[in-house]
Amino acid sequence: MKEELIWALVFDYPHVFVGARRKYENASFQGISCGEGWEPIVRWLSAGIERLIEQEPEDEREFYRCIEVRERFGGLEFYMNDATPEMARLVRVAVSQSFSMCEFCGNPGALRQDGRRGAKTLCDSCRGKVVVLPLTGQVPAPLV
Ligand SMILES: [Zn+2]
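Presented here is an overview of the structure given in this document. (Residues numbered from 1 in each chain as written. Predicted model: local features only at pLDDT ≥ 70, side-chain atom pairs only at ≥ 80, totals over all residues. Heavy atoms only, no water.)

1. So, the coordination of the zinc ion
Heads up, the condition is: Listed donors are limited to N, O and S atoms within 2.8 Å of the metal, widened to 3.2 Å for Na, K and Ca; water is not among them, so incomplete-looking sites are possible. By the criteria applied here, four donors are tetrahedral when all angles lie between 85 and 135 degrees, four are square planar and six octahedral when opposite donors are over 155 degrees apart and every other angle lies between 65 and 115, and any other arrangement is irregular. Counting from the N terminus, the helices are the DSSP runs of H or I reaching at least four residues and the strands are the DSSP runs of E reaching at least two.
Summarising the metal site, the zinc ion is bound by the protein donors Cys102 (SG), Cys105 (SG), Cys123 (SG) and Cys126 (SG), whose distances to it range over 2.3 Å. Around the zinc ion, the four donor atoms are arranged such that angles at the metal cover 105 to 116 degrees; this shape is classified as tetrahedral. Of note, the zinc ion draws all its donor residues from one chain, in the sequence arrangement C-x2-C-x17-C-x2-C. Taken together, the positions of Cys105 in the loop between α3 (85–98) and β4 (110–113) and Cys126 in helix α4 (residues 124–129) put the pair 21 residues apart, joining distant regions of the chain.

2. Section: the packing of helix α1 (residues 3–12) against helix α2 (residues 39–54)
For clarity, the cut-off: Working convention: axes come from line fits to C-alpha atoms, limited for helices to the stretch in contact. Angles between N-to-C directions cover 0 to 180 degrees. Small angles under 35 degrees read as roughly parallel and large ones over 145 as roughly antiparallel, with 65 to 115 read as roughly perpendicular and the rest as oblique. Two residues form a contact once any of their heavy atoms are found within 4.5 Å. Asp, Glu, Lys and Arg are counted as charged, while Ala, Val, Leu, Ile, Met, Phe, Trp, Tyr, Cys and Pro are counted as nonpolar; the rest, among them Gly, fall into the polar class.
Axis separation between α1 and α2 bottoms out at 10 Å; the angle between their running directions is 10 degrees. Here α2 runs roughly parallel to α1, going by the angle between their axes. Residues Leu5, Ala8, Leu9 and Asp12 of α1 form the contact with α2, whose participating residues are Glu39, Val42 and Arg43. Here the residues of the contact of α1 with α2 sort into four nonpolar, no polar and three charged.

3. Overview of the environment of Glu50
Here is the rule we go by: Identification of polar contacts relies on pairs of N or O atoms within 3.5 Å, with a donor-acceptor requirement for protein atoms, meaning one able to donate a hydrogen and the other able to accept it, and with residues adjacent in sequence counted only if both atoms are side-chain atoms.
Considering the arrangement of structural elements, one finds Glu50 in helix α2. Considering only alpha carbons, one finds Glu50 and Asp12, 38 residues apart in sequence, at a separation of 9.2 Å. Leaving out residues up to four positions away in the same chain, Glu50 has contacts with Tyr13, Pro14, His15 and Val16. Polar side-chain contacts of Glu50 include one of 2.7 Å to the side chain of His15.

4. Some points on the pattern of salt bridges
Test applied: Salt bridges are defined as contacts in which a side-chain nitrogen from Lys or Arg sits within 4 Å of a carboxyl oxygen from Asp or Glu. Exposed residues in this analysis have more than 50% of their type's maximum accessible area, buried residues have under 20%, and partly exposed residues fall in between, with area computed by a 1.4 Å probe over protein chains only.
The final tally for this structure, using the stated rule, is nine salt bridges. Here Arg43 ties to Glu39 by a salt bridge, and the two come within 3.0 Å at their closest N and O atoms. With Arg43 and Glu39 both in helix α2, this residue pair falls four residues apart, about one helical turn. Taking relative accessible area as the criterion, Arg43 reaches 22% and is therefore assigned partly exposed. Residue Glu39 is classed as buried on the basis of its relative accessible area, which comes to 13%. Arg112 is the salt-bridge partner of Asp124, the closest N and O atoms lying 2.9 Å from each other.

5. Describing the sheet that holds strand β3 (residues 75–80)
As a reminder, the rule being used: Any two strands are treated as partners once DSSP identifies two or more bridges connecting them.
As summarised here, the arrangement of the three strands in space is β1-β2-β3, forming an open sheet in which the pairing is mixed. Of all the strands in the sheet, just β1 (31–33) and β3 have a single pairing partner and so form its edges. Adjacent strand axes in the sheet meet at a mean angle of 15 degrees when their direction is disregarded. When β1 meets strand β2 (residues 66–72), the two strands line up parallel, connected through three bridges. The partner of Ser33 across the bridge, within β2, is Arg70. Sitting on the sheet, α2 touches β2 and β3, and the angle it makes with β3 is about 30 degrees.

Spelled out as structure tokens, the structure:
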């Protein structure tokens, strides 16, 4: 995701991404790393969680900060330091949406597993164009 999109998210949802501005010894912010096609999902999710955090007591809000947003095994992962059941429900909705939206362009997509690339959720047109080799540690076991 382009840096300006990341900073727009950090700016628009200050409670969710407080870790991007403040340092924590444990559970420090690891960044946002996924394709731009999922930016609307991440934005929708961040907006929902931001509203929920604002309903929490002021001295507890930092517990609900986001730690990392990334792609793993073809789907969105949105790690939080802590989450209420409502926050966790929103995360599950967003993750399930990510499996039907191309990570790179945002068009309707499907989970593909093409050879060494590992699982990726892509549309038909990005499938042939986008070459992303996952890190060794992230290569998922072959689907049986
Ligand atoms: Zn695409």
